[in-house]
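Tertiary structure, described
Below are the chains, spelled out letter by letter.
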Amino acid sequence: MKKVHSRRSALAATLAGLALALTACGGGSQAPAASSPGTATGSDTSLSDVKSKGEIVIATEGTYKPFSFHAEGAGDLTGYDVEIARAVAEKLGVKATFQETQFDGIFAGLDAKRFDTIANQISINDERKAKYDFSKPYTVSTGVIVTKADNNSITGFDSLKGKTTAQSLTSNFYKMAVDAGANVQSVEGWAQGVALVQQGRVDAIVNDKLTYLDYAKTNPDAGLKIAAETTEKSESAFVFRKGSTELTAAVDKALDDLRADGTLAKISEKYFGTDVTK
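Residues numbered from 1 in each chain as written. Predicted model: local features only at pLDDT ≥ 70, side-chain atom pairs only at ≥ 80, totals over all residues. Heavy atoms only, no water.

Section: the environment of Ile226
Worth spelling out the cut-off: We count a stretch as a helix when DSSP gives it H or I for four or more residues in a row; a strand needs E for two or more, and each element gets its number in order from the N terminus. Any residue under 20% of the maximum accessible area for its type is buried, any over 50% is exposed, and the rest in between are partly exposed; the area is computed with a 1.4 Å probe on protein chains only. A contact between two residues is defined here by any heavy atoms of the two lying within 4.5 Å.
For Ile226, the location among the structural elements is in strand 13 (residues 224–229). Ile226 sits in the partly exposed class, given a relative accessible area of 27%. As a C-alpha pair, Ile226 and Tyr212 span 14 residues in sequence and 8.2 Å in three-dimensional space. Here Ile226 is in contact with Val144, Ile145, Lys209 and Tyr212, once residues within four sequence places are set aside.

Considering the confidence of the model for the protein chain
Let me state the cut-off plainly: The quantity called pLDDT is the predictor's confidence in a given residue, expressed from 0 to 100.
Averaged over every residue, the pLDDT of the protein chain is 89; residues scoring 70 or more account for 85%. Contacts of residues 18–41 to residues separated by more than four positions or lying in other chains number 27 contacts, the stretch itself having pLDDT below 50.

Thoughts on the sheet that holds strand 12 (residues 205–208)
Put simply, the rule reads: The pairing criterion is simple: DSSP has to find at least two bridges between the two strands. Convention adopted: a line fitted to C-alpha atoms gives each axis, helices being fitted over their contacting stretch, and angles between N-to-C directions are expressed from 0 to 180 degrees.
One open sheet holds the three strands; their spatial order is 12-9-13, and the pairing between them is antiparallel. Edge positions in the sheet fall to strand 12 and strand 13, since each of these pairs with one other strand and no more. Shown here is a sheet whose adjacent strand axes are inclined to one another by a mean of 40°, direction ignored. In this structure, strand 9 (residues 143–148) lies alongside strand 13, joined through five bridges in antiparallel fashion. Across the sheet, Val144 pairs through a bridge with Glu229, a residue of strand 13.

Structure follows, in structure tokens:
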């Protein structure tokens, strides 16, 4: 999950501001807004198009573990986002067809109508909401400080002052650590940083909670813990072209049903050991 900042950018940007506040207290082109798509004019055919062709075409990377990846490198496409997308498609009564797309071109592909939606941990932010429609979120995360399990000296972001953290300099989590007063040791990504924490060469690492949960699920004896987390949250959802009101509403209804019957929680537990869907 080294590339988490490129998809979940809203979390990093929002939490960077939060970290600054905690430290201070010690502790494509934009589409015009649609007036009433799918109402009196009947111009919104997003749902009927999906129903008529019997499939919903979903863009995902296929190289973004544990969200969208191929089992054992070359097996079937699977992952947290993939399983949720398949469950949604089943509720809609259509087939889920995945189109693997590099992240850099994923929004352009949606604009060009190459697919109906994106399921790839796309975080909701104001800039994206101005251009696209979003479903209700199916992933909620925070920023966390990860330390060795026996380290009791860090209890919040204010505790990072004077401590050493391991951070990728290209991630906004680096800015969070610096704003909190930490001395930062540069690393290439999570794997290298967490190794330094385990070796006692740095005090902590600041990162996305999902990154930690994914690691802890596959490394239960790593000897690490979440020492603190932010109150600000990042939410990720399905993305649609602006004006896809009926399809968005149908996906929202599917997500509500999947939440109510426990499917979302079950998929989340499988990949993260806890429910990250709410």
